[in-house]
Amino acid sequence: MIMTVLFAMRHEKPELMEIGLMSMNALNEILISEPPTATIFYKSFYTGILRDTLTVMTDYRHMSGFKLQGYILQNLIIAVSRNIIDENCRILDHNEQEHQFATNSEYVMELLKGSLIEMFPNLNKV
């Protein structure tokens, strides 16, 4: 089911994109209020959701969904920064392996930086 929501978020048809974004935003808001469930869910899906959200945020064909994309990104960052995702549970990377950083927050910050540099090759890593 989550892959269907991610597909809808990336869809170029505005109506389908909107449904995908609203579904993902609603799911994130529910998970924020349920830390044990969020930990289990985000362990497997956090990296994919974050990367797909960044991809549609930086695509001009998805500009109409920018506000919801921003909410989704905000909730993903909140889930890590407020330890809604249990720190003892390491988020899986894009290879479905546990990340090797000291904390999930460090992993997410590196993932954000790396994804943005990948999407915008004219940026320099600082």
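A few points on the structure. (Residues numbered from 1 in each chain as written. Predicted model: local features only at pLDDT ≥ 70, side-chain atom pairs only at ≥ 80, totals over all residues. Heavy atoms only, no water.)

## Concerning the environment of aspartate 86
Argument step 1. Take aspartate 86: it is sitting in the loop between helix 4 (66-81) and helix 5 (104-119).
Argument step 2. Not counting chain neighbours up to four residues away, the residues in contact with aspartate 86 comprise Thr39 and Asn104.
Argument step 3. Separated by 3.0 Å, the side chain of aspartate 86 and the backbone nitrogen of asparagine 88 make a polar contact. (Helix = DSSP H or I, 4+ residues; strand = E, 2+ residues; numbered from the N terminus. Contact = heavy atoms within 4.5 Å. Polar contact = N/O pair within 3.5 Å; in protein donor to acceptor, adjacent residues only side chain to side chain.)

## Quick look at the nonpolar core
Argument step 1. One finds Met24, Tyr42, Tyr46, Leu50 and Val108 to be the most contacted residues of the largest nonpolar core, which totals 30 residues.
Argument step 2. Looking at this core, the elements that each hand over two or more residues are helix 1 (2-10), helix 2 (14-32), helix 3 (35-57), helix 4 and helix 5.
Argument step 3. Considering every element that reaches this core, the biggest residue donor is helix 3, with eight residues. (Core = buried A, V, L, I, M, F, W, Y, C linked by side-chain atoms within 4.5 Å. Buried < 20%, exposed > 50% of the residue type's maximum accessible area, 1.4 Å probe, protein only.)

## Digging into the packing of helix 1 against helix 3
Argument step 1. Remark: helix 1 packs on helix 3, axes separated minimally by 10 Å, with the N-to-C direction vectors making an angle of 10 degrees. Here helix 3 runs roughly parallel to helix 1, going by the angle between their axes. Side by side, helix 1 and helix 3 meet where Ile2, Leu6, Met9 and Arg10 of the first sit next to Phe41, Phe45, Ile49, Asp52, Thr53 and Val56 of the second.
Argument step 2. For the contact of helix 1 with helix 3, the residue count by class is seven nonpolar, one polar and two charged. (Axes fitted to C-alpha atoms, helices over the stretch in contact; angles between N-to-C directions. Parallel < 35°, antiparallel > 145°, perpendicular 65-115°, else oblique. Nonpolar A, V, L, I, M, F, W, Y, C, P; charged D, E, K, R; others polar.)

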